Amino acid sequence: MKKITVARLFQLLFLLAFLVLFVRTEYRGSDTISAAVNSLFRMDPLVAASYLAATRSFTWLLVPALVTVVATLLLGRFFCGWICPLGTVLDLVTGKIAKTAPIRALKGNLKYWLLLPVLVAALVRINLAGVLDPFGILVRALTFFVHPIIGDAARSGWVSLYRLLGERRDHLAPAYELLRDNLLPFRETFYPLAFISVALFGLIIFLERYESRNWCRNLCPLGTLLGLLSRYTPFKRTPAALCSDCKACRALCPTSFDEGVLKQEECILCMECQKGCRFDRVRFPLAGISRGPTPYLPERRVLLGGVVGGFFLAGSFRYRSPESQPRLLRPPGVLGEDDFLKKCVRCGECMKVCLKGALYPAVAQAGLEGIFTPVVVPRLGYCEYNCTLCGQVCPTGAIPALPVAQKKRAVIGKAVFDKNHCLPFARKTNCIVCEEHCPMQQKAIRSEKVVEIDPSGKRIELQKPYVVDELCNGCGICENVCPLEGKAGIEVFAVKERKPLAAAALTQSPGSGAAPGADPYQ
Amino acid sequence: MQRRSFLKLVGLSAFFHQWLLRDLSAAQGPVVAVAEAKDHARATRAAIAALGGMHRFVKKGDVVVVKPNIGWDRNPDQAANTNPVVVRAIVEEALAAGAKKVKVFDRSCNDERRCYVNSGMTAALKGMKNVELKFVENERFKKVALRGKALSEWELYDEALHADVFINVPVAKHHQLTKLTLGLKNVMGMMGGNRGAIHKNIDEALADVNQALKSHLVVIDATRVLTAHGPQGGNLADVKHLHKVIASTDIVAADAYATTLFGHKPEDISVTVAAHRRGLGEMNLKKVRIVKA
């Protein structure tokens, strides 16, 4: 790397901060996570804009995004050249990638054709911004692919050391535990869509073959939005065009000067031109507010097309297969599916932080509009009773940050026994592992004792379990621990009415007294 | 006296005076030490001392495994996990007796990180030298031929199998399927695989496992017990404070005694009955010497 500019220093600092926050987005011995990657999404104006458009309401969580908007209005598109970790990654690798010619098809108005329909679709209440958001792409690639692969590799290495050394491996344990507790994911969780997530990121790197910061200048919807905001910045670079005697800026500039003039909306204030200018001509003086030389949007038909496109885009993702709906379980505290989809940025943080690996990105369960949104898969992991981490790290409050007492009452779904599989019913053997694990103080799963004749003709006292709906929050531990292979004998199903359990129900037995099917705890 | 006539005499007296021999063996029967004190560390030490002290079990240079119940993401007041004060006292005793290393672990049911922290175990053992509070790692489970009545083989935890001394430290509490969970069931925490599957024949299965993985010392934490909604509880109304610690080398006798604290008889607990029938220990409390410490 050449001489370090202030911008470069900031970039590296923010990249480091981002990686630290990413790794910290995990349970590390405390019930609360003070700072997580969510701060990045909260200062993302694209996330804020699509949230506002979709929900038509504001949340204080997005105040940092307003700060970014104001700063961009003042300074220009500094965010891309100073802060964005995806941009920093591109800057770090682009030097190693030989360039061919820019792709003509990416030039022109393509980026507006991406941004406008996404925002308009949000206005029609289909919020897809997160799918193309640069942080979303980066965090998903790391969460679903890079981090699990690193974790799995480290873990396999550790296991093979055991095969090699046996108990003597214990001498190395402190080093491994240091890694495990501070860097690696605790569980080896593999995610659906891991390939797509990393492929999208890979594609952005691949585009560097054609020109530097190809994604940033030609596609990125966040960059495009920031570009629009930067039109009015009072700080304008001079000279505004290439100098006829030098033209070095064309090579120095990572984003602009395609047409010989500096495009205000593409300048990311990286200051490379200032640093590289032999004549010391480049300045960023305060020039006063003035309209840019070009019209606000390149063409009116882009605006109209974007609006119409967004409207139709929103409509085209609506299909949902009825078979997947009963098992479409959302994280705790989510009250309604529509509201959730409007707010979720699909950043994957809840899935990363989930203690028991209960959350996975939806592939098609929630329709195409719900791709990458989190769903609970109880057979793989359950919602830990005392844990509130997913709500804490959600950048937009799509999963509300609930205090632990309230989270325990939040309903994910309701457990239902399948008597054709459940052992006491189907095989007449005792089990009730589900009852044992049910975390509710008064037990949402109970059992009644019945005497039956088992298949061999013996009289047997069986404990037949049943669910008390008023107490079940659908955490899924019952389905998770059901000792049956494959399909569980008890499963959690989605419910429309996700009203929290009554507080009283948690400490007293509901329906105590005359209830039929006598409560064994009375 | 000639050997033959001696044998005749013994044989005949055994035939005619069964009660005499029974009394004789009762005198050598297992000892269960019961200590009661509000200071739970003191109660723990007193119970172990009444058995002859930790140095009876732990020799200099031994590797000791202490297996508490850390199964649930519950705090010490909720009585779902072994009292960390009891565990710490045992660990200190083992170190004082000359243990080279003391390892503490359990295969928890809830998230192990949360269980270790919330149970108070992490805080209780923090900074102790030669003590490892560690998570259970899957690769350490070894298939063991049990040739039992319910299980022909199962994966058991090798660190527990290889320990010089295995100290079983359950918390006494309610359990819906087995009525109570005590020492015999606590060993389930050393089972790998789909251990829930043994619930269909849990009495014999637990006897099978306890036959393969012997507890050299059982210390039952009854400082506070969960009387309902076990094994997790959560409601402090279900917790009863007894301030008792029970210690024995006979796991069945220890369990049998602890059963009486809940108002049950040992023969009500089918896990205890099966283990007794399989020769794992004495459940008849009349044949057990109970020492109040």
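Residues numbered from 1 in each chain as written. Chains lettered and ligands numbered in written order. Predicted model: local features only at pLDDT ≥ 70, side-chain atom pairs only at ≥ 80, totals over all residues.

Looking up chain B in an unreviewed UniProt entry gives the name DUF362 domain-containing protein, with the organism given as Geomesophilobacter sediminis.

An unreviewed UniProt entry annotates chain A as 4Fe-4S binding protein of Geomesophilobacter sediminis.

Counting its secondary structure elements, chain A contains 24 helices and six strands. Summarising its shape, the C-alpha atoms of chain A cover approximately 100 × 60 × 35 Å along the three principal directions. For chain A, with 522 residues in total, the buried portion stands at 45%. (Helix = DSSP H or I, 4+ residues; strand = E, 2+ residues; numbered from the N terminus. Buried ≥ 20, exposed ≤ 12 C-beta atoms within 10 Å, placed from the backbone.)

Turning our eyes to something else, we now look at the overall build of chain B. Summing up its helical and strand segments, chain B has 11 helices and 12 strands in all. Against the compact-globule benchmark of 19 Å for 293 residues, chain B has a radius of gyration of 19 Å, which places it among compact chains. Along the first, second and third principal axes, the C-alpha set of chain B runs to 65 × 40 × 40 Å. Out of the 293 residues belonging to chain B, those deemed buried represent 55%. For chain B, restricting intrachain contacts to residue pairs at least 6 apart in sequence, the fraction spanning at least 24 positions comes to 74%. (Rg over C-alpha atoms; globule rule 2.2 N^0.38 Å. Contact = placed C-beta atoms within 7 Å.)

Before going further, it helps to spend a moment on the UniProt feature "transmembrane region" (unreviewed entry) in chain A. Per the UniProt annotation, the sites labelled "transmembrane region" (unreviewed entry) are residues 59-92, 112-132 and 189-207 of chain A. Annotated as residues 59-92 of chain A, this span is 79% helix and 0% strand, and its ends, taken at the C-alpha atoms, are 35 Å apart. (UniProt positions renumbered as here; feature names shortened; annotations may be inferred.)

UniProt feature "domain: DUF362" (unreviewed entry): in the numbering of this structure it lies at residues 64-259 of chain B. Each end of residues 64-259 of chain B is marked by a C-alpha atom, and these two atoms are 27 Å apart; helix forms 28% of the span and strand 28%.

With 21 residues of chain B at the contact, the number on the chain A side is 29 residues. For the side of chain B that touches chain A, the residue count by class is six nonpolar, nine polar and six charged. (Nonpolar A, V, L, I, M, F, W, Y, C, P; charged D, E, K, R; others polar.)

Within a regular strand, the side chains alternate between the two sheet faces. Residue and element names in this part refer to chain A. Alignment of strand S4 (residues 445-453) against strand S5 (residues 459-467), held across nine bridges, turns out to be antiparallel. Counterpart to arginine 446 in the pairing with S5 is tyrosine 466. Taken together, S4 and the strand that follows it, S5, pair antiparallel across an intervening segment of five residues, in which glycine 457 is found at a positive phi of about 90°. (Pairing = 2+ DSSP bridges.)

Attention now goes to unusual backbone geometry. The linkage connecting A:Thr238 with the following residue, A:Pro239, adopts the cis geometry, with an omega of -10°. Tracing the chain through its elements places A:Pro239 in the loop between helix H13 (221-229) and helix H14 (249-252). Going from B:Gly230 to B:Pro231, the amide bond is cis rather than trans, its omega being 0°. Relative to the assigned elements, B:Pro231 resides in the loop between strand S10 (217-226) and strand S11 (239-248). Positive phi outside glycine occurs at A:Met271, with the angle close to 70°.

In this section: helix H3 (residues 40-50) of chain B. Residues spaced three or four apart along an α-helix face the same direction, because each turn holds 3.6 residues. Of all the positions in H3(B), only B:His40, B:Ala43, B:Thr44, B:Arg45, B:Ala46, B:Ala47 and B:Ile48 are classed as buried. Phi for B:Gly52, located one or two positions after H3(B), is positive at around 115°.

Glancing now at the environment of A:Arg24. Residue and element names in this part refer to chain A. One can find arginine 24 in helix H1 (residues 6-24). In this structure, the C-alpha to C-alpha distance between arginine 24 and valine 37, residues 13 residues apart in sequence, is 8.2 Å. When sequence neighbours within four positions are dropped, the list of residues in contact with arginine 24 reads Ile33, Ala35 and Ala36.

On to the confidence of the model for chain B, then. Residue and element names in this part refer to chain B. The pLDDT averaged across chain B works out to 93; a share of 93% of its residues lies at or above 70. Across residues 20-26, confidence stays below pLDDT 50; counting only partners more than four residues off in sequence or on other chains, it has three contacts. The ipTM for the predicted assembly is 0.89, set against a pTM of 0.90. (pLDDT = per-residue confidence, 0-100.)

All right, on to helix H6 (residues 85-94) of chain A then. Looking only at H6(A), the buried set comprises A:Pro85, A:Leu86, A:Gly87, A:Thr88, A:Leu90 and A:Asp91. Contacts made by the buried residues of H6(A) are with H1, helix H5 (78-83), helix H9 (134-165) and helix H12 (214-218) of chain A.

Attention shifts here to the confidence of the model for chain A. Of all residues in chain A, 94% attain a pLDDT of 70 or more, and the chain-wide mean is 90. In this model residues 510-522 of chain A is a low-confidence stretch, pLDDT under 50, and it forms 18 contacts with partners more than four residues away in sequence or in other chains.

Most often, soluble globular proteins keep nonpolar side chains buried together rather than apart. Residues A:Cys350, A:Leu359, A:Cys390, A:Cys434 and A:Cys478 are the most contacted members of the largest nonpolar core, which totals 125 residues. Each of domain 1 (6-314) and domain 2 (411-498) of chain A gives at least three residues to this core. Setting aside residues up to four positions removed in sequence, A:Cys478 forms contacts with A:Ala415, A:Cys434, A:His437, A:Cys438, A:Ile445 and A:Ile490. Counting 88 residues, the second-largest nonpolar core is a separate cluster that includes B:Ile48, B:Met54, B:Ala89 and B:Ile269. (Core = buried A, V, L, I, M, F, W, Y, C linked by C-beta atoms within 7 Å. Domains from an automatic or database assignment.)

With that out of the way, let us pick up the packing of helix H3 (residues 45-55) of chain A against helix H4 (residues 63-75) of chain A. All names here are of chain A. Two elements in contact, H3 and H4, have axes whose closest approach is 8 Å; the angle formed by their N-to-C orientations is 115°. Every pair of crossing elements has a handedness; the one defined by H3 and H4 is left-handed. Facing Pro45, Val47 and Ala48 of H3, the residues of H4 in contact are Ala65, Thr68 and Val69. In terms of residue class, the contact of H3 with H4 is made up of five nonpolar, one polar and no charged. (Axes fitted to C-alpha atoms, helices over the stretch in contact; angles between N-to-C directions. Left-handed = near helix turned anticlockwise from the far one by under 90°.)

Before going further, it helps to spend a moment on the pairing of strand S2 (residues 63-68) of chain B. Residue and element names in this part refer to chain B. By the criterion of burial, S2 is predominantly enclosed, with five of the six residues buried. With four bridges connecting them, S2 and strand S3 (residues 101-104) associate as parallel partners. For valine 65, the partnering residue across the bridge sits in S3 and is lysine 103. After leaving S2, the chain enters helix H4 (residues 84-96) and then returns to the sheet as S3, a path that is right-handed. (Right-handed = clockwise from strand over helix to strand, strands pointing away.)

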